[in-house]
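Spelled out from the first residue to the last, the chains are:
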Amino acid sequence: MRLLSRFFCLFAIFFLVGCARNSSQTWEDVKTAGRYVQRGVDALVGKDYDSRMLTSDEEFVGPSDGEFIPLKDADLKNSLAATDAALPQPKGIPGKKGVPTLDQFYMPPESIRSLFQSVHFETDEHVLREKNEMQSIQQIVAYLKKNPNVYMVIAGHCDERASASYNMALGMRRANYIRGLLVKNGIDLNRLYTVSRGKEDPLVAGHSQDDWKRNRRAEFKIYEKK
């Protein structure tokens with residue numbers, strides 16, 4: 001890269017000198033052009049002329065942990081598309097042929113609410129990473145197996161960042177992922193419905209890392225068919 005840098009500098013010099021060899025101003029222009037060319041080449045290889053030694057952590061200013069670049073909407077819809085397609089939607093349509101409407105689903109009563117705790121996701125992800133989150137899913141599996149008349153809605157939620165359409169798609173992917181886990185553990189897929197709330201229904205209204213994490217969740221509502 002240094003050889004390339006020198007080549008560009010020499011090119012600028014010969015070009016300007018060729019235009020007016022006897023002008024002192026031309027020589028100043030040559031030096032200026034050379035400096036700008038050198039800076040441009042150095043920038044390409046990561047050299048920063050404005051860098052300085054920092055004396056404490058407080059002096060560091062850079063991207064915060066909260067910043068991220070989400071996938072494009074098209075990328076999100078296309079990723080793992082085959083996996084989603086392999087798991088059919090419930091046969092019954094909510095509100096028809098004995099299937100409850102989504103409005104009829106309710107938060108689990110206090111006596112069993114601890115079994116249906118919300119699970120949480122990392123930024124821009126739709127899979128569970130924590131062991132305790134997977135244990136929560138196993139608790140739900142155990143309850144649904146013991147209570148075959150219970151239907152459930154899984155609602156996927158996101159934090160406030162990125163576009164509404166992106167978060168709506170991500171929320172659905174999160175809900176479908178949880179549904180897939182339940183089906184793999186033996187729960188009838190026709191008892192499980194999924195919806196996405198995107199970023200429209202935050203649990204908390206703050207803007208901190210902790211607030212965002214609490215909002216990136218999947219929540220559960222149930223309906224017991226008599």
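Note that the structure is predicted; figures quoted are calculated from it, not measured.

Caption draft 1: Just the packing of helix α5 (residues 131-146) against helix α6 (residues 164-184), in detail. One can describe the packing of α5 onto α6 by two numbers: an axis separation of 10 Å at closest approach and a directional angle of 55°. Of the possible angle classes, the one that applies to α5 and α6 is oblique. As α5 runs across α6, the sense of the crossing is right-handed. Contacts between α5 and α6 pair Met134, Ile137, Ile140 and Val141 from the former with Tyr177, Ile178, Leu181 and Leu182 from the latter. Here the contact of α5 with α6 is composed, by residue class, of eight nonpolar, no polar and no charged.

Caption draft 2: Here's a closer look at the sheet that holds strand β3 (residues 192-198). On the basis of which strands lie adjacent, the open sheet formed by four strands has the order β1-β4-β2-β3 and mixed pairing. The sheet is open, and its two edges are formed by β1 (119-120) and β3, each paired on a single side. Packed onto the sheet, α6 meets β1, β2 (150-157), β3 and β4 (217-224) and runs at close to 155° relative to β3.

Caption draft 3: Examining the environment of Val204 more closely. Tracing the backbone shows Val204 in the loop between β3 and α7 (209-215). Discounting residues that sit within four places of it in the chain, Val204 has contacts with Asp211, Arg214 and Asn215.

Caption draft 4: A look at the pattern of salt bridges. Counted under the stated rule, the structure contains six salt bridges. Measuring nitrogen to oxygen at the nearest pair gives 3.6 Å for the salt bridge that ties Glu110 to Arg113. With a shortest N-O distance of 3.1 Å, Asp159 and Arg216 are connected by a salt bridge. Here Asp159, found in the loop between β2 and α6, pairs with Arg216, found in the loop between α7 and β4; they are 57 residues apart in sequence, far enough to count as distant. On the accessibility criterion, Asp159 (4% relative accessible area) is buried. Residues joined by salt bridges that share partners form a network here, namely Asp159, Arg161 and Arg216.

Caption draft 5: Region of interest: the environment of Asp201. Inspection of the secondary structure puts Asp201 in the loop between β3 and α7. With residues near it in sequence (within four places) discarded, Asp201 still touches His157 and Arg217.

Caption draft 6: The arrangement of α6 in detail. Under the 1.5 Å per step criterion, the end-to-end length of α6 is 30 Å for 21 residues, consistent within 8% with the ideal 30 Å. Following α6 by one or two positions, Gly186 adopts a phi angle in the positive range, close to 100°.

Caption draft 7: Region of the structure containing the side chain of His157. Among the structural elements, His157 can be located in strand β2. At 3.5 Å, the side chain of His157 and the backbone oxygen of Asp201 are in polar contact. Side-chain polar atoms of His157 contact the side chain of Glu219, separated by 3.4 Å.

Caption draft 8: Structural view of the pairing of β3. In terms of burial, β3 is a largely internal element, six of the seven residues being buried. Two strands pair when backbone bridges link them, and β2 and β3 are joined in this way by six bridges, in the parallel orientation. Bridge assignment links Gly156 to a residue of β3, and that residue is Ser196. For the segment spanning β2, α6 and β3, crossover handedness is right-handed.

Caption draft 9: Highlighting the confidence of the model for the protein. Per-residue pLDDT for the protein has a mean of 75; in total, 62% of the residues score no lower than 70. Here helix α4 (residues 81-85) stands out as the least confident element of the protein, with mean pLDDT 45; β1 is the most confident, with 98. This model gives residues 12-33 a pLDDT under 50, and the stretch forms 10 contacts once residues within four places in sequence are excluded. Below a pLDDT of 50 lies the segment residues 39-69, which in the model reaches 21 contacts outside its immediate sequence neighbourhood of four places, other chains included.

Caption draft 10: Representation of the pairing of β2. Counted residue by residue, β2 has eight buried out of eight residues, so it is predominantly covered. In β2, alternate side chains face the same way, and those of Val150, Met152, Ile154 and Gly156 on one face and Tyr151, Val153, Ala155 and His157 on the other are all buried. Bridge count between β2 and β4: seven bridges; the pairing is antiparallel. Paired with Met152 across the strands is Ile222, a residue of β4.

Rules used in this analysis
Residues numbered from 1 in each chain as written. Predicted model: local features only at pLDDT ≥ 70, side-chain atom pairs only at ≥ 80, totals over all residues. Heavy atoms only, no water. Axes fitted to C-alpha atoms, helices over the stretch in contact; angles between N-to-C directions. Helix = DSSP H or I, 4+ residues; strand = E, 2+ residues; numbered from the N terminus. Parallel < 35°, antiparallel > 145°, perpendicular 65-115°, else oblique. Left-handed = near helix turned anticlockwise from the far one by under 90°. Contact = heavy atoms within 4.5 Å. Nonpolar A, V, L, I, M, F, W, Y, C, P; charged D, E, K, R; others polar. Pairing = 2+ DSSP bridges. Salt bridge = Lys/Arg side-chain N within 4 Å of Asp/Glu carboxyl O. Buried < 20%, exposed > 50% of the residue type's maximum accessible area, 1.4 Å probe, protein only. Expected span 1.5 Å × (residues − 1). Polar contact = N/O pair within 3.5 Å; in protein donor to acceptor, adjacent residues only side chain to side chain. Right-handed = clockwise from strand over helix to strand, strands pointing away. pLDDT = per-residue confidence, 0-100.

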